[in-house]
Structure formats: structure tokens, C-alpha cells
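Residue strings, one per chain:
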Amino acid sequence: QYFECGRIAFTAPGSTHEFSSSPDGLAIIPNTSTSTANSGASGATGDKCALEYKMSYSSSKFPDYYIPQLYAEMIALKTDKAMLVRCKRRRQTVNGVVRIVHEAYAYRITRDAVVESAILDNVLFSMSAPADVKLVDWIAQHHERYAKLAATLKRIAEETKGIPLKIPEQLINEYQEK
């Protein structure tokens, strides 16, 4: 089952600050169970998966900078899974005829308590910056802590294999014509 989502307010674990997230969707997947070995999710249910869709004209890869957004969505939805769907438009020439085709990949991540803690810690640390200090300067002053998390997120993105998706080209073309 698929549900569209709106803005969801949540209090991050270990924080009194209220945050919000707006996943593009929620999938309810029957007959699945939660793996609690690496889950930072108290009360997470294995049958829910946060969904995020991103369109690009240049890439269908999994950029590491989407991972904090996916974690916020998993926290908000109280689940331990998220799926990023990346779709790319590209030109394809067949027998001299140029047409637009789409390629898409789904990237699934599972919530990890250590990664979640590092993301939340950096968010809360960023919020503690003095009001007169620009965030870019704050990050430069504390480069090591941010670089460590960036390296972790880069590794996760590189290790997450994309699942190729079949795109219904005719439906997309009809939709775009409307």
C-alpha cells in the first residue's frame, strides 16, 4: 500500500527540539518484520518504509547528502527503512531518432543507531552556534566533526547498490504532455 505524506513533526531522540520532515510517501509492505540489530528506532515497525523521490537531468546515483533527510523521514514515520528513488532523464538515439528516456534506481537504507546519533549530534551542535556566526564559518571552525560524518555518509551511499526500476515511458510521456 502506498500513502502520500505531508509534514510530520517529531522530537528527535535525545533532544527536546521539535523538528519536521515531509516524506514523499509511505509504503506499507505486508509480511515483513523489523530487524532491531541496527535499528535506532524505538517502536519501529518493519512493515513501513519511508519513500523519497528525486528527479535529475544529470544523475541517477545516490548522493550522500540525501541520507540525513532519509533519517529524518524514518524518525518521523517511526520506521527503520527508507527508499530513495532517483530518476534521470536522458537522450537516447536509436536508428538516428533521438528520444527522451528515463532511468531510475531505488536505493534502500536501513536505520542505524550510530549513524542516526551522529547526524542528530551534528544537527544539534550546529543549532548551538552563536547567532552572529555564519553556519559556514561554524562548520569550518569544527571541520573534523563534520568531515567524520561526511565520510560515513559517503561510504553508505557508495555501498548502497541501486535496484534498477522499469519506467513506464508511455505513461510519463502522456503525463508530461498534459
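To be clear, the structure that these remarks concern was listed above.
Anyway, here's the lowdown on the structure attached to this text. (Residues numbered from 1 in each chain as written. Predicted model: local features only at pLDDT ≥ 70, side-chain atom pairs only at ≥ 80, totals over all residues. Heavy atoms only, no water.)

With that settled, consider the overall build of the chain. What the chain contains, in helices and strands, is 5 helices and 8 strands. For the chain, the succession of helices and strands along the chain, N to C, is β-β-β-β-β-α-β-β-α-α-α-β-α. Considered along the principal axes of its C-alpha atoms, the chain spans approximately 60 × 40 × 30 Å. Residues counted as buried form 37% of the 178 residues belonging to the chain. (Helix = DSSP H or I, 4+ residues; strand = E, 2+ residues; numbered from the N terminus. Buried < 20%, exposed > 50% of the residue type's maximum accessible area, 1.4 Å probe, protein only.)

Attention now goes to the nonpolar core. The biggest cluster of nonpolar side chains holds 19 residues, and the ones touching the most others in it are Phe 62, Ile 67, Tyr 71, Ile 109 and Ile 119. Among the secondary structure elements, those contributing two or more residues to this core are helix H1 (67-77), strand E6 (81-94), strand E7 (97-110), helix H2 (113-127) and helix H4 (143-159). Among the elements that take part in this core, H1 stands out by supplying 5 residues, more than any other. Apart from residues lying up to four places away in sequence, Ile 67 is in contact with Phe 62, Ile 109, Ile 119, Leu 153, Ile 156 and Ala 157. (Core = buried A, V, L, I, M, F, W, Y, C linked by side-chain atoms within 4.5 Å. Contact = heavy atoms within 4.5 Å.)

Here we take up the environment of Cys 5. Looking at the element boundaries, Cys 5 is found in the loop between strand E1 (2-4) and strand E2 (8-11). On the accessibility criterion, Cys 5 (22% relative accessible area) is partly exposed. Sequence separation between Cys 5 and Pro 164 is 159 residues, and the spatial gap between their C-alpha atoms is 24 Å. When sequence neighbours within four positions are dropped, the list of residues in contact with Cys 5 reads Pro 23, Asp 24, Gly 25, Leu 26 and Leu 77.

An α-helical turn contains 3.6 residues, so any two residues separated by three or four positions project in the same direction. For H2, with 15 residues, the first-to-last C-alpha span of 21 Å sits near the 21 Å given by 1.5 Å per residue. The set of residues buried in H2 consists of Val 115, Glu 116, Ile 119, Leu 120, Asn 122 and Ser 126. All buried residues of H2 lie within an arc of 160° about the axis, which places them on one face of the element. The inward-facing, buried residues of H2 abut H1, helix H3 (135-141) and H4. (Expected span 1.5 Å × (residues − 1). Arc of directions from axis to C-beta.)

The next subject is the packing of H1 against H2. Across the interface, H1 lies against H2 with an axial gap of 11 Å and an inter-helix angle of 105°. Viewed along their axes, H1 and H2 adopt a mutual orientation that is roughly perpendicular. Counted together, Ile 67, Pro 68, Tyr 71 and Ile 75 of H1 and Val 115, Glu 116, Ile 119 and Leu 120 of H2 form the full contact between these two elements. Split by residue class, the contact of H1 with H2 holds 7 nonpolar, no polar and 1 charged. (Axes fitted to C-alpha atoms, helices over the stretch in contact; angles between N-to-C directions. Parallel < 35°, antiparallel > 145°, perpendicular 65-115°, else oblique. Nonpolar A, V, L, I, M, F, W, Y, C, P; charged D, E, K, R; others polar.)

Across all of its chains, the model carries 7 salt bridges by this definition. In this structure, Arg 111 engages Glu 116 in a salt bridge whose closest nitrogen and oxygen atoms are separated by 2.4 Å. The exposure class assigned to Arg 111 is buried, which follows from its relative accessible area of 3%. A relative accessible area of 4% places Glu 116 in the buried class. Two residues, Lys 154 and Glu 158, come together in a salt bridge whose shortest N-O distance is 4.0 Å. Remark: Glu 158 and Lys 154 occur in helix H4; sequence separation between them is 4 residues, near one turn of the helix. For Glu 158, a relative accessible area of 53% corresponds to the exposed category. (Salt bridge = Lys/Arg side-chain N within 4 Å of Asp/Glu carboxyl O.)

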